[in-house]
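# Summary of structural features
Single-letter residue listing:
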Amino acid sequence: MTADSTVTEPIAAAATTTIVADVAIVGGGLAGSLAASVLARAGHRVALVDKRAVYPDEFRVEKIGGQQLEMLRRLGFIRGLASVACSYDRVLNVREGKVVDVSVGQAYGLPYADLVAMARGQMPDPSSLIVDEVTAVTCSDDVQHLELASGRRLNARLVVLATGMAGALGYKLGIRRRVLAAGHSVSFGFTIARRDGTPFDFKALTCYGERTCDGVDYLSLFPVPAGMRANLFMFRDPTDPVMRDLRRDTEATVLRLLPGLQPYLGDFRVTDRVRNWVMDLSVVEGHLQPGIVLIGDAFQTNCPAAGTGVARLLVDVERLCTEYAPRWLATEGMGIEKISEFYSDPDKVAADQQSLKMARFRQALTSRDDISWDVRRRLHFLRRSITHRVDQMRPGWLAHVRSALRAWGLQSAGASRRSARGR
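Heads up: these notes are all about the structure in this document. (Residues numbered from 1 in each chain as written. Predicted model: local features only at pLDDT ≥ 70, side-chain atom pairs only at ≥ 80, totals over all residues. Heavy atoms only, no water.)

### Comments concerning the overall build of the protein chain
A tally of helices and strands in the protein chain yields 14 helices and 16 strands. A burial count over the protein chain gives 50% of its 423 residues as buried. Taking as baseline every contact in the protein chain between residues at least 6 positions apart, the subset at least 24 positions apart corresponds to 70%. Of the roughly 19500 Å² of accessible surface on the protein chain, a fraction of 53% belongs to carbon and sulfur atoms. (Helix = DSSP H or I, 4+ residues; strand = E, 2+ residues; numbered from the N terminus. Buried < 20%, exposed > 50% of the residue type's maximum accessible area, 1.4 Å probe, protein only. Contact = heavy atoms within 4.5 Å. Areas by Shrake-Rupley, 256 points an atom, 1.4 Å probe, with all protein chains shown as cover.)

### Observations regarding the nonpolar core
With 77 residues, the main nonpolar core has I25, L81 and L320 as its most contacted residues. In this view, I25 contacts G32, A35, A36, L39, V46, A47, L48, V49, V160 and A162; residues no more than four positions away in its chain are not counted. Listed in part, the 29 residues of the second largest apolar core include F200, M243, Y264 and L265. (Core = buried A, V, L, I, M, F, W, Y, C linked by side-chain atoms within 4.5 Å.)

### Overview of helix 7 (residues 241-248)
Within helix 7, the full set of buried residues consists of V242, M243 and L246. Taken down its axis, helix 7 places every buried residue within 105° of arc, on the same side. In the core, the buried residues of helix 7 are packed alongside strand 10 (176-194), strand 13 (227-234) and helix 8 (250-257). N-capping of helix 7 is provided by D240, with a side-chain oxygen placed 2.9 Å from the backbone N of V242. (Arc of directions from axis to C-beta. Polar contact = N/O pair within 3.5 Å; in protein donor to acceptor, adjacent residues only side chain to side chain.)

### As for helix 3 (residues 67-75)
Within the span of helix 3, buried status applies to Q68, L69, M71, L72 and L75. Along the axis of helix 3, the buried residues cluster in a sector spanning 165°; they form a single face. Each element contacted by the buried residues of helix 3 is listed here: helix 2 (30-41), strand 3 (63-65), helix 4 (78-84), strand 5 (98-109) and helix 10 (309-329). A positive phi of about 90° marks G76, the residue just after helix 3.

### Comments concerning the environment of D196
Secondary-structure assignment places D196 in the loop between strand 10 and strand 11 (205-208). Sequence separation between D196 and R269 is 73 residues; the distance between their C-alpha atoms is 9.9 Å. Of note is the side chain of D196, whose polar atom sits 2.7 Å from the side chain of T198.

### Details of the side chain of E210
On the secondary structure map, E210 appears in the loop between strand 11 and strand 12 (216-224). Setting aside chain neighbours within four positions, we find E210 in contact with R95, E96, G97, L258, P259 and G260.

### Overview of unusual backbone geometry
Despite not being glycine, E96 shows a phi value in the positive range, around 55°. Within the fold, E96 resides in the loop between strand 4 (86-95) and strand 5.

### Re the packing of aromatic side chains
Ring pairs (aromatic) are described by centroid distance and by the angle formed between their planes. Taken as a whole, this structure holds 11 aromatic pairs when the rule is applied. Ring geometry for F342 and Y343: centres 5.5 Å apart, planes at 55°, overall tilted. Here the two residues F342 and Y343 agree in accessibility, since each one is buried. Relative to W373, the ring of F361 lies with its centre 6.1 Å away and its plane at 55°, an arrangement referred to as tilted. Taken together, the residues F361 in helix 12 (residues 346-367) and W373 in helix 13 (residues 371-393) connect sequence positions 12 residues apart. Aromatic ring contacts, followed pair by pair, group F299, Y324, W328, F342 and Y343 into a single cluster. Between R60 and the ring centre of W277, over which it is positioned, the NZ or CZ distance is 3.6 Å. Residue placement shows K348 over the ring face of F299; its charged tip is 3.9 Å from the ring centre. (Phe/Tyr/Trp six-rings, centres within 6.5 Å; stacked < 30°, edge-to-face > 60°. Lys NZ or Arg CZ within 6 Å of the ring centre and 35° of its normal.)

### Considering a nonpolar patch on the surface
A cluster of nonpolar side chains, contributed by I371, V375, L379, L382 and I386, occupies part of the molecular surface with about 480 Å² of accessible area. Among the secondary structure elements, I371 is positioned in helix 13. (Patch = residues over 30% accessible without salt bridge, like charges linked within 9 Å, V, L, I, M, F, W, Y side chains within 5 Å. Salt bridge = Lys/Arg side-chain N within 4 Å of Asp/Glu carboxyl O.)

### Overview of the pairing of strand 12
Most of strand 12 sits inside the fold, with nine of its nine residues counted as buried. Relative to strand 12, strand 11 runs antiparallel, the two being bridged by four bridges. Within strand 12, the residue paired with L205 across the bridge is L221. Strand direction decides the pairing type here: strand 12 and strand 13, joined by eight bridges, are antiparallel. Of the residues in strand 13, the one forming a bridge with S220 is N231. (Pairing = 2+ DSSP bridges.)

### Things to note about the pattern of salt bridges
Scanning the model with the defined rule gives 31 salt bridges in all. The partner of D57 in a salt bridge is R275, and the shortest N-O contact between them spans 3.0 Å. Of this pair, D57 sits in the loop between strand 2 (46-50) and strand 3 while R275 sits in strand 15 (residues 275-285), and the two are 218 residues apart along the sequence. Close ionic contact of R368 with D370 constitutes a salt bridge, the shortest N to O distance being 2.7 Å. The exposure class of R368 is partly exposed, given its relative accessible area of 40%. Judged by its relative accessible area of 25%, D370 falls in the partly exposed class. Look at the salt bridges and you will find they share partners, linking R312, D316, K348 and D352 into a network.

Okay, structure coming up:
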């Protein structure tokens, strides 16, 4: 991070040479802001250090749904989310111009910057946000010392690194990032509208790729306050000329890659700047150190197409901020034996492993052209189509089955956690 002298620093922080806190959180994106709010609302002294008072508009997470909503509800953010996002509860899923099925369930669409602002807005004391840059961290079994670009110092018992993929600070601590798959996926984000100004005929839509050679996993369309947002996920060489085509002639290139999409969109146009993001799959090494923990992308990156990034992040925040950090702060010391409890937490380990598994699965399902994966791909969509048709004939059947499976899954997960913690 770099210091931004154009923003106003909180008075309480600016007037103090040495700031003292229970927990110092470095990085004020979604992971850091959520963690800061959860800990502060629980009564802990928190210092959230980020370079800007208002998070900039970036292409990151733009939709929240599924199990993510339940975790946000448990953490106390669901009302805040609903107040700033566009809600929708049905997604039309299509492939090769035909309906595969319809997903039913509450979801929300909003810009990433608004999501971060919502999380920060839950902090009881706005002065907990320190607008500055951490230039160095000295860790120990007791108190951690942070040096800031402004010349101030910050002392805390626990440091939480939520710096995303920015690894400069971690590098100084001897933490290294091991790349598992360079250029694993490419994502594009843009907003669309019909040229005649009429609304689209769907609340939300997902269009899956038709040819393995195109490397298109799916295009997701969903409402945000500014209109209909489009997120395109691909497994393709980031240097391929099609990436340039998507930036320069987005409408024509999207329809060339997904010809079956035309009847659903009609005559449309892109209404804002097209942004893209190349994601490497990576994990960190050398992170087990006294007094410091890494959460979210700072620990392990995710494939955006797999949709597991926010769930992983929320697991990290929930387990660290509701279970481990409060218990650690209640006793003396902050040695490795405490820190290791978080990294070996069964829920966290399972979420990390599932994220990598889904990243590899989505890539194979999209791009592998051998016979076995071709058969698997056809069966995948055939199963979904048949299930959808059965549900149309017997309305509510699928919802009952999913509800039962979800309840069984939660019970099994709870039993596994209790068993793992009892050993």
